[in-house]
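Residues per chain, in single letters:
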Amino acid sequence: METKTPLINILLNNKDTILKVERYTRIEFENLIISLIKAEKERQDILKKIKEFGSINILTLKKEIEIAEDLLIYNIEYLKELGSLEFLGEKSRFFHSSIEKNKIRGIFPNVKIIRDKNLCCGCGLCDSVCPVHAINYTSSTFELNEDICIECGLCFSCCPRSFFPKSLKKTKIGTDSNTRHSEPINNYLEIYSAHTTDERIKKFAQDGGIVTSLLKTAFQAQIIDASIAVSVSDEPHKPLPVIIDREEELLRTAGTKYTNSPSLKILHTSRSYNKIAVVGTPCMMEALKKISIYPLNKPLYENIVLKIGLFCMESFDYDQIKDLLRGEFKITLKGIRKMDIDKGRFFIFNKDDSIYTIPVKELKTYGRPGCFFCDDLTSEQADISVGSIGSEPGWSTVIIRTSKGADLFQKALNLKLIEKKEFAEDSKSFRILNRVAKSKQKIYKETYRPKMIEQDPRLRISNFQEVSEGLTLEMVKLEANRCLQCGMPHCISGCPVNIDIPQFLKLLKQGKSIDALRLMKNYNLLPAICGRVCPQEIQCEKSCLLNNLEEPIAIGYLERFIADWERKNQLKECPECKASNDVKVAVIGSGPAGLTCAGELARLGYDVTIFEAFHAGGGVLTYGIPEFRLPKDIVKEEIETLKLLDVKIQYNTIIGKSLTIQDLEEMGYKAFFIGVGAGLPMFPKILGLNLNGVLTANEFLTRANLMKAYKFPDYDTPIKVGDVVLVIGGGNTALDSARVAKRLGAKRVILVYRRSEVEMPARKEEYYHAVEEKIEFMFLTNPIRFIGDDKDNLKQVKVVKMRLGKPDESGRRRPIPIENSESFIQADTVILAIGALANPVLTKSLPDLKLSKWGYIETDENSKTSLEGIYAGGDIVSGSATVISAMGAGKKAARAMHKYLKYKLALIDD
Ligand code: FAD
């Protein structure tokens, strides 16, 4: 059995460095390796059995391998997170992309990713655990010295934020048969209200002075010879982690509430003591529980004899505390005597006896983002937990959880150091405690992102009906409930039209569908479209805090749901407009940029007309994106919303040909928005482009979509696809062309892309769908010639293999041909989908309009072009991009046009 896994090898290879750093003594290091080998062997045995059984069955595994259930469950989670159980479909849930990317299989990444994403709980354990002291953690900074880091991943595996089997948090803590249980506060033996009788402790400590009294008892009874706690430092209210080894020093630990201190960073220095207590917040207790179950860091843990947990609703970094006081109370730290939270309000007691207070809810933006992942108020993994919630001022609530905790509490009573009061289960105090604890559990509900209901791939490859069918109301409520409602919602800034996503999710969760719809329409007039085609995975969902800890909220699915709910209920919500100001504005192009700009201007009271070259509106939404992804009826319906806002649409009008902007000026239009997209196909510079069977995606998709060629002969637009179709490109257009070709009867569709799967710009969901539909992919391949038969019909494509070089100006790695790697592929049809360029029809009619060297319109940051009163946005400015970015540009331009017109026409704005 191979037990020298990468982790053990890394540690052994770095043995000399590790011993030099002196975090571990030689004996401890050797013990660590022994315990790791044992643990690795155990895990491999489990993996072998799971492979044998083809499933995870705890009962059978327990019988087959003699192992404690806790450890078994932990090991399974560990294997899952490492990706070792992928053969059962069990993928890693936390920081999945980092784990996938990790080069050495079998090693976790380091905790920098957690800190970067701000999910860190600030316990400081990683600092202690790091065998080479590459991590330096203080209460507001975290440094990882990458030059020193040996990438063993020990820090990640110990971190309470990386992964932790939820079931283990709820296992029986006490062995005592008297264990009682309440869901919000977990298992316990007894609960009391208590306070100290020691006058000195009373003077210095907060609330009931219980923690200090318990520690004093533990010293006197020689249960401990030291304790890790926090102490007030030179800077007021900036607590420092300290080791206290004398009873007389205990009074140093006071007045540090609500400021997080990474106490476990000094765990490694506490090893010179035989019996230590650790006082800390729930996340610290959880971290200790984690390393106790899986003894990777036995040397660090073995001397911990007592865990005193604190209640924690939310904690702040020291710098955040300073910002909070400055921002919300306009005071500096120097004057503060004490901070407290009571009845949902945050209190500041000033030295001059003034008291400031504010609802805790309003302080969310200051809290640590990592706190939104904690559902533990009462330090469920401690021996004894202490906090103020539920007790009167001057008293503390004490939850005794283990026999150790009970013994200590009794000793304190015997010594007459504390007094206790009943805290009955039917009392108001008990109800308050449970209610507050439950409210914290609501923050982080570990449920899974829903899977979209979809048409079976075997059926859908022969029809054009929509692939995705939407979510049910139950799925929507569950999913909305998963939102953390975090203090600094990054999803809003991740969305180019800045939808208030947390509020939208809150309304959905409360079942207030109509309000959710209204809110959505206020920000976005095209939710049914965006919910279907936006690349959420690189926008709002990418910024979702949950993205790294498990899976992001399915924001796109929920957006689609609310728009579909509107249609199903035959509603037509549209935001209010200001009174008409009779100012005429022209929008050129009815793609997402034009539609959004028109909608925003109409809401501001303008008389808006959209001029559209085609006979149908929607731009690429209508003639580019196929029916099975975005039904045309849905686009039509969303365009109808604009008509409710009194936007007029004039079809079959090519501005630059049928009419010019000068004509429009003469017709009384005062400002213009150009949103004509980038619809000119791009061609590769290779031979054979003129052969029959070589098409552009633009032509192919327009025929299929706008002219309903897929319904031939019911519609009179024929479209020919051969048996073997090669699609060249890796974006949405390429994938759409490939999937349309499959549906039109091609036997084989091969997508040829010059870069690798990772660089493909297409929406991920569409790629997965294409794979399910048996589209073949040839990555790192490029066509170099199309070869025809004697009738000039395409018969072969000569391709070359590529490798990836250094990143180019797009940030993606540049593909470079590999010498002597040419080969031939038989094909009847080639569809070129390698990109699009700006269409010059309109821009040519405006010779003074400033363009980029590629023919795109140049604008300033307010979407203003070089010509007065003319604004532009969408693909004609940015080059081929996305629906939502075009919408964002339309919205921004509308605001700028409003400002311009207000100034120019001296409009009165209410
Ligand atoms: P367009 O949508 O191109 O609209 C421009 C409009 O202007 C058209 O209606 C055109 O007819 C009209 N017009 C042009 N010239 C004139 C003129 N002279 N006078 C009057 N009217 C004129 N993005 C995503 O986010 N998700 C996807 O899944 C996705 N899939 C795509 C699939 C395909 C096949 C394609 C081609 C693109 C896809 N995109 C996708 C990109 C996205 O559709 C575009 O970025 C977006 O439509 C650009 O919007 P726009 O308003 O700037 O231009």
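Quick note: structure is the one above.
All residue numbers refer to positions counted from 1 along the written sequence of the respective chain. Given that the model is predicted, a residue must reach a pLDDT of at least 70 before its local features are reported, and side-chain atom pairs must reach 80 or more before they are shown or counted; all residues, however, enter totals for whole chains, interfaces and linings. Only hydrogens and water are set aside; all other atoms, that is, all heavy atoms of the structure, feed into the side-chain values.

With that settled, consider the overall build of the protein chain. Across its full length, the protein chain carries 36 helices and 33 strands. In this analysis, two residues are considered to be in contact whenever any of their non-hydrogen atoms come within 4.5 Å of each other. Excluding contacts between residues fewer than 6 apart, the proportion of contacts in the protein chain whose partners are at least 24 apart in sequence is 68%. In this description, accessible areas are obtained by the Shrake-Rupley approach with a 1.4 Å probe, and a residue is regarded as covered only by the protein chains that are shown. Total accessible area on the protein chain is roughly 40000 Å²; 51% of this is exposed by carbon and sulfur atoms. Put simply, the protein chain has 130 plus and 118 minus side-chain charges, and the middle of one group is 1 Å from the middle of the other. Under the scheme used here, helices are H or I runs from DSSP no shorter than 4 residues and strands are E runs no shorter than 2 residues, and both carry numbers assigned from the N terminus. Positive charges are assigned to Lys and Arg, negative charges to Asp and Glu, while His and the chain termini are left out of the count. For the purpose of locating charges, the reference atoms are NZ of Lys, CZ of Arg, CG of Asp and CD of Glu.

Nearness here has a simple test: a residue counts as near a molecule or strand if at least one of its heavy atoms is within 4 Å of that partner. In the vicinity of the ligand, 36 residues are found, and the nearest of them are V533, E612, R629, D875 and V883. E612 is positioned such that a nitrogen or oxygen atom in its side chain is 2.6 Å from an oxygen atom of the ligand. Taking V620, its main chain carries an N or O atom lying 3.0 Å from an oxygen atom of the ligand. Protein chains shield 93% of the accessible area of the ligand, which is 980 Å² for the free molecule. The element contributing the most residues to the shell around the ligand is helix α32 (residues 732–743), with 3 residues. Here the nonpolar group is Ala, Val, Leu, Ile, Met, Phe, Trp, Tyr, Cys and Pro; Asp, Glu, Lys and Arg are the charged ones; every other residue, Gly included, is treated as polar. Residues of the shell around the ligand, tallied by class, amount to 19 nonpolar, 12 polar and 5 charged. The definition of a polar contact used here is a pair of N or O atoms within 3.5 Å, where within protein one atom must be able to donate a hydrogen and the other to accept one, and adjacent residues in sequence count solely through side-chain atom pairs.

The next point concerns the pattern of salt bridges. For this document, the term salt bridge refers to a Lys or Arg side-chain nitrogen within 4 Å of an Asp or Glu carboxyl oxygen. Inspection of every chain in the model, using the stated rule, returns 51 salt bridges. One salt bridge connects K41 with D45, and the closest N-O pair in it is separated by 3.0 Å. Taken together, the residues span about one helical turn, with K41 and D45 both in helix α3 (residues 26–53) at a distance of 4 residues. Where E640 meets K643, a salt bridge forms, and the shortest distance between an N and an O atom there is 3.2 Å. In this pair, E640 and K643 both sit in helix α29 (residues 632–644), 3 residues apart, roughly one turn of the helix. Exposed residues in this analysis have more than 50% of their type's maximum accessible area, buried residues have under 20%, and partly exposed residues fall in between, with area computed by a 1.4 Å probe over protein chains only. Residue classification places E640 among the partly exposed positions, given a relative accessible area of 38%. Note on K643: relative accessible area 38%, which makes it partly exposed. Through salt bridges with shared partners, one network takes in R460, R629, D736, R739, R743, R763, E765, E766, E772 and E773.

Next up on the list: the side chain of T212. Counting through the fold element by element, T212 comes out in helix α12 (residues 210–220). Judged by relative accessible area, T212 falls into the buried class, the value being 7%. Setting aside residues up to four positions removed in sequence, T212 forms contacts with I201, A205, L250, L251 and T253.

Right, let's get into the pairing of strand β11 (residues 345–350). By the bridge criterion, 6 bridges tie strand β10 (residues 336–342) to β11 in an arrangement that is antiparallel. Paired with M339 across the strands is I348, a residue of β11. Between the end of β10 and the start of β11, which pair antiparallel, lie 2 residues, with K343 showing a positive phi angle near 45°. Two strands form a pair only when DSSP identifies at least two bridges running between them. Summarising the sheet, β11 and strand β12 (residues 355–359) pair through 5 bridges and their orientation is antiparallel. Paired with R345 across the bridge in β12 is P359. The hairpin formed by β11 and β12 contains 4 residues between the paired strands, and D353 there has a positive phi angle of roughly 75°.

Now for the sheet that holds strand β20 (residues 648–650). The strand order β20-β19-β18-β21-β33 describes an open sheet built from 5 strands, whose pairing is parallel. Sheet topology places β20 and β33 (870–872) at the edges, where each strand pairs with a single neighbour. Within this sheet the neighbouring strands show an average axis-to-axis angle of 25°, counted without direction. By the bridge criterion, 3 bridges tie strand β19 (residues 607–611) to β20 in an arrangement that is parallel. Looking at β20, one finds that F611 is bridged to Q650. Across the sheet, helix α27 (residues 592–603) is in contact with β18 (584–588), β19 and β21 (669–674); its angle to β19 comes to roughly 170°. Geometry is summarised by axes, namely lines fitted to C-alpha atoms with helices restricted to the contacting stretch, and by angles between N-to-C directions that run from 0 to 180 degrees.

Now for α3. Look at α3: 41 Å from first C-alpha to last across 28 residues, which is about the 40 Å you get at 1.5 Å a residue. Phi turns positive one or two residues past the end of α3, at G54, with a value near 75°. An expected span of 1.5 Å times one less than the residue number is assigned to each helix.

Moving on: the sheet that holds strand β9 (residues 304–310). Strand pairing in a sheet relies on backbone hydrogen bonds, with the paired strands running either antiparallel or parallel. In spatial order, the strands read β7-β6-β8-β9-β13-β14-β5-β15; together these 8 strands make up an open sheet with mixed pairing. Of all strands in the sheet, those with a lone pairing partner are β7 (240–244) and β15 (418–422), marking the two edges. Here the strands of the sheet are splayed against their neighbours by 30° on average, with no regard to which way each runs. Pairing geometry for β9 and strand β13 (residues 384–387), over 3 bridges, is parallel.

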